[in-house]
Amino acid sequence: MSKQLLWILLLITTIQMYAQKNIDSSGVDTTGYVQYYIIDGDTIPHEAIDLDEVIILGKLKFKDNLARRKYLILRRKTRKVYPYAKLASDRLTTLNERLEGITSKRSKKKYIKILQKYMEEEFTKELKKLTRTEGQILVKLIHRQTGKTMFKLVKEYRSGWRAFWYNNTAKLFKISLKKEYDPINIEEDYWIEDILQRSFQSSILKDQKTALDFSFYDAINKWSTTTNLNHIKK
């Protein structure tokens, strides 16, 4: 054995012995996110970082210019209406938190009516500017953000009759308030989710986790090879 190799082995052995002597393994706290090592009486934190899940999205490849154009139109409309869906989720969370502190049924109805009037005055003018397809995308995204269809929300917070009336009025414009968001089984919804994920990653839209239980990975596996976007309306 050469002297150089002998010195290396001796150095490694010395380091191991020093480490075993000075590090008290019993001082390692594995119950939380922060671990503490006790070295020569000093407590040194060793933090374990809990990283958020990151979805790696590949470069889009379209079958032809028509498919690309459909995607860009859908992207513009999705980015336009998503903030309203996010706001609806925020308002619903606030509403439910406030209602938990109100015991009187009459007071609850009064509060809901006040909030409804505020929402109508603040956003009705803007929502009226939406096209039919933008309105339908908004209905889907509200389901994505709240976990409830527009029909169910209206029924819960206004009345069954109003929900029926609103839905039938919406049908005149070919918009269903009962429409659900389903990127696993509906191709257009998959592309909407793709647009959202790319917009979140590029900070164009502010991320708000969906209230629905679905895996975007499953949607990618099913739809990523389909790029003709035949089911996407202009």
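Above this text you will find the structure in question.
The present account deals with the structure reproduced in this document. Not measured: the values here are computed from a predicted model.

**Thoughts on the pattern of salt bridges**
Enumeration over the complete set of coordinates arrives at eight salt bridges. Between D189 and K140 there is a salt bridge, with its nearest N and O atoms 2.7 Å apart. Of this pair, D189 sits in helix α7 (residues 187-201) while K140 sits in helix α4 (residues 132-146), and the two are 49 residues apart along the sequence. Both residues of the pair, D189 and K140, belong to the buried class. Close ionic contact of D194 with R198 constitutes a salt bridge, the shortest N to O distance being 2.8 Å.

**Some thoughts on the side chain of T149**
For T149, the location among the structural elements is in the loop between α4 and α5 (150-157). Its relative accessible area of 11% is what places T149 among the buried residues. Contacts of T149, omitting those with residues within four sequence positions, involve H143, L177, K178, K179 and E180.

**Details of the packing of α4 against α7**
At a minimum axis distance of 12 Å, the contact between α4 and α7 shows a crossing angle of 70 degrees. In terms of their interaxial angle, α4 and α7 are classed as roughly perpendicular. Relative to α7, α4 is oriented so that their crossing is right-handed. For the pair α4 and α7, the contacting residues are I137, K140, L141 and R144 in the first and E188, D189, I192, E193, L196, Q197 and F200 in the second. Grouping the constituent residues of the contact of α4 with α7 by class yields five nonpolar, one polar and five charged.

**Some thoughts on unusual backbone geometry**
With a phi close to 60 degrees, S203 is a non-glycine residue in the positive phi region. Summarising the element assignment, S203 is placed in the loop between α7 and α8 (216-223). Owing to a relative accessible area of 62%, S203 belongs among the exposed residues under this scheme.

Quick notes on the rules
- Residues numbered from 1 in each chain as written.
- Predicted model: local features only at pLDDT ≥ 70, side-chain atom pairs only at ≥ 80, totals over all residues.
- Heavy atoms only, no water.
- Salt bridge = Lys/Arg side-chain N within 4 Å of Asp/Glu carboxyl O.
- Helix = DSSP H or I, 4+ residues; strand = E, 2+ residues; numbered from the N terminus.
- Buried < 20%, exposed > 50% of the residue type's maximum accessible area, 1.4 Å probe, protein only.
- Contact = heavy atoms within 4.5 Å.
- Axes fitted to C-alpha atoms, helices over the stretch in contact; angles between N-to-C directions.
- Parallel < 35°, antiparallel > 145°, perpendicular 65-115°, else oblique.
- Left-handed = near helix turned anticlockwise from the far one by under 90°.
- Nonpolar A, V, L, I, M, F, W, Y, C, P; charged D, E, K, R; others polar.

Any functional reading would require information that these geometric values do not contain.
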